[in-house]
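# Commentary on secondary and tertiary structure
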Amino acid sequence: MQTDFILSTLATAADHAAKHGIYPSGDLDAWLTSALKTSNYYARVMWRAVKDAYNGLLTAYDFETIMLNQISSQFRRGYNDGLRELGLSPSDMLPEWEAELQDLMAQELTYVKRLMDDIREAARNEEGYKQFRNRVDMWARRFEEMKSLAMLRAGTLVDKLLTWDLGPTEHCTDCKGYADVGPLPASYWMETERKTGHRPQSRTLECNGYNCQCSFGVYKEEIGMLFAPALNR
Ligand SMILES: [Zn+2]
Ligand SMILES: [Zn+2]
């Protein structure tokens, strides 16, 4: 509980500063992200909000505000983590990436409102709140989705190859197939997404992205030997 208070204070301050283009030194922000992630902070805060809403301790407005703040903070931290994975920093964010990220955050409002309605309904029928655990956990996993998205967008700017790494779950034929094609430039994965909508955890995958915990990884080998002619054009 006390750890949550400290993490929440730090994260709120850092997220607020980031809105004004002020970033704490890269290491500190990366540390904070990893502390929030390893302690499962976002899932915990959202879960508490679900319980409080169920027990009538939160108004719909307060519930939505808490949820959207957590979701936005998490989406951005996931995205920034992806940029760092490529050796970039949050300040390298291009306006079109920012616009896309903002869009994705805004789309969550519909789902948060639907969740609030379902919680109210469950409370009226005294069904308990445990059924909502799955939805909270799915939100918490979207950190990884944002990380992969950032690597996909920013990957075209750096000479690195991306691999589709399978998550520790069962795999659909789409995910398995992409993992099998091996390391390829981000431009290849962008083209794949353009044609099929497919990227790790996307809804258009055969698995609908539901239990997909796949992610993009940076291929560690030197790519000079492999793809030099294509990338140095
Ligand atoms: Zn899949
Ligand atoms: Zn997958």
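Reading the values: the criteria
Residues numbered from 1 in each chain as written. Chains lettered and ligands numbered in written order. Predicted model: local features only at pLDDT ≥ 70, side-chain atom pairs only at ≥ 80, totals over all residues. Helix = DSSP H or I, 4+ residues; strand = E, 2+ residues; numbered from the N terminus. Buried ≥ 20, exposed ≤ 12 C-beta atoms within 10 Å, placed from the backbone. Pairing = 2+ DSSP bridges. Contact = placed C-beta atoms within 7 Å. Axes fitted to C-alpha atoms, helices over the stretch in contact; angles between N-to-C directions. Domains from an automatic or database assignment.

Moving on: the environment of Trp31. Checked against the element boundaries, Trp31 lands in helix 2 (residues 26-38). Judged by C-beta crowding, with 13 C-beta atoms within 10 Å, Trp31 ranks as partly exposed. Sequence-wise, Trp31 and Ser91 are 60 residues apart; in three dimensions their C-alpha atoms are separated by 17 Å.

Next up on the list: the sheet that holds strand 2 (residues 184-185). In sheet architecture, strand pairing relies on hydrogen bonds along the backbone and comes in two forms, parallel and antiparallel. An order of 2-1-3 is seen for the 3 strands of this open sheet, with the pairing classed as antiparallel. One side of each edge strand has no neighbouring strand; the edge strands of this open sheet are strand 2 and strand 3 (215-218). Direction of pairing for strand 1 (residues 161-165) relative to strand 3: antiparallel, over a ladder of 4 bridges. Bridge assignment links Trp164 to a residue of strand 3, and that residue is Phe216. Contacting strand 1 and strand 3, helix 6 (residues 133-155) crosses the sheet at an angle of about 50° to strand 3.

Below, the discussion takes up the domain arrangement of the protein chain. Segmentation of the protein chain into domains returns domain 1 (1-158) and domain 2 (159-233). The C-alpha centroid of domain 2 is placed 24 Å from the C-alpha centroid of domain 1. Counting residues at the interface gives 13 residues for domain 1 and 15 residues for domain 2. No other element matches helix 6, which puts 9 residues into the side of domain 1 that touches domain 2.

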